[in-house]
Amino acid sequence: EAQVTQNPRYLITVTGKKLTVTCSQNMNHEYMSWYRQDPGLGLRQIYYSMNVEVTDKGDVPEGYKVSRKEKRNFPLILESPSPNQTSLYFCASSPRTGGAFFGQGTRLTVV
Amino acid sequence: GEDVEQSLFLSVREGDSSVINCTYTDSSSTYLYWYKQEPGAGLQLLTYIFSNMDMKQDQRLTVLLNKKDKHLSLRIADTQTGDSAIYFCAESISNFGNEKLTFGTGTRLTIIP
């Protein structure tokens, strides 16, 4: 089954404690992205990757890092999380054209 | 810059047609998308339209694109309770392909029995 898998689904952490949200896709897509969803703001892109070792900033990259060492994986790293990073995070993968496929989401709370 | 706008709420009687509207500002959009988000779930791609098309129909879904007015709409025929969700309009303006989407704030569709 074609899918994008994120882990964990839910995470509560404390300010400053480094964390990683994993994302994996099994569709051999070149493009992968991370978005955050906040009430009233829709989805905003954090980072995207056009291929292995090729990443670039989206609209709200501050406080986040990503890496793309393999085509299927695109982890999101928060080196020092802060409460304003409390949000619902989505990973997506897409072919060159035709729409993106989204993971189930990771709800992160930073206290 | 890109900006995509949608109304926040829409209520429709079961069996009627729902029309969800979206406006965008970037005339260089290549693809425009409609996604559906049910409670606690990720976004599901419903349909998309290439910017040189005016209309696309897929079963109960009809997408209309007015490039002159930068207006996109999604019509759901014979709306059912399972259509209750948040619907997001999104545009892609990338020259390379599909790596960057700009989303609207989403329209919450409520079905009245």
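Note: the structure precedes this text.
Given the structure is predicted, the values throughout are model-derived calculations rather than measurements.

Let us look at the overall build of chain A. Helix and strand counts for chain A come out as 0 helices and 11 strands. Each helix and strand of chain A, ordered N terminal to C terminal, gives the series β-β-β-β-β-β-β-β-β-β-β. The C-alpha atoms of chain A give 13 Å as radius of gyration, which agrees with the globular expectation for 111 residues (13 Å, within 12%). Dimensions along the principal axes, computed over C-alpha positions, put chain A at roughly 35 × 25 × 25 Å. By residue count, 50% of the 111 residues in chain A fall in the buried class. Pairs at least 24 apart in sequence give 52% of the contacts found in chain A among residues at least 6 apart. Approximately 5300 Å² of chain A is accessible, and the part contributed by carbon and sulfur atoms is 50%.

With that settled, consider the sheet that holds strand β1 (residues 4–5) of chain B. One open sheet holds the 5 strands; their spatial order is β1-β3-β8-β7-β6 (chain B), and the pairing between them is antiparallel. At either end of the open sheet lies a strand with only one pairing partner, and these are β1 and β6 (55–58) of chain B.

Our next topic: the state of the cysteines. All names here are of chain B. Applying the stated criterion to the full structure yields 2 disulfides over all chains. One disulfide in the model links cysteine 22 with cysteine 89; its S-S distance is 1.9 Å. The chirality of the disulfide connecting cysteine 22 with cysteine 89 is left-handed, given an S-S dihedral of about -60°. Placement of the pair is cysteine 22 in strand β3 (residues 18–24) and cysteine 89 in strand β9 (residues 85–92), with a sequence separation of 67 residues. Side by side, cysteine 22 and cysteine 89 carry an identical accessibility label, which is buried.

What follows deals with unusual backbone geometry. The omega torsion across Asn7(A) and Pro8(A) is -5°, close enough to zero to call that bond cis. Here Pro8(A) is to be found in the loop between β1 (4–7) and β2 (10–13). Positive phi, normally seen in glycine, also occurs at Glu53(A), with a value near 65°. Its place among the elements puts Glu53(A) in the loop between β5 (42–51) and β6 (54–57). Given the relative accessible area of 61%, Glu53(A) is considered exposed. The backbone of Lys70(B) sits at a positive phi, close to 55°, despite the residue not being glycine. Structurally, Lys70(B) is set in the loop between β7 (61–66) and β8 (71–76).

Reading the values: rules and limits
Residues numbered from 1 in each chain as written. Chains lettered and ligands numbered in written order. Predicted model: local features only at pLDDT ≥ 70, side-chain atom pairs only at ≥ 80, totals over all residues. Heavy atoms only, no water. Helix = DSSP H or I, 4+ residues; strand = E, 2+ residues; numbered from the N terminus. Rg over C-alpha atoms; globule rule 2.2 N^0.38 Å. Buried < 20%, exposed > 50% of the residue type's maximum accessible area, 1.4 Å probe, protein only. Contact = heavy atoms within 4.5 Å. Areas by Shrake-Rupley, 256 points an atom, 1.4 Å probe, with all protein chains shown as cover. Pairing = 2+ DSSP bridges. Disulfide = S-S within 2.5 Å.

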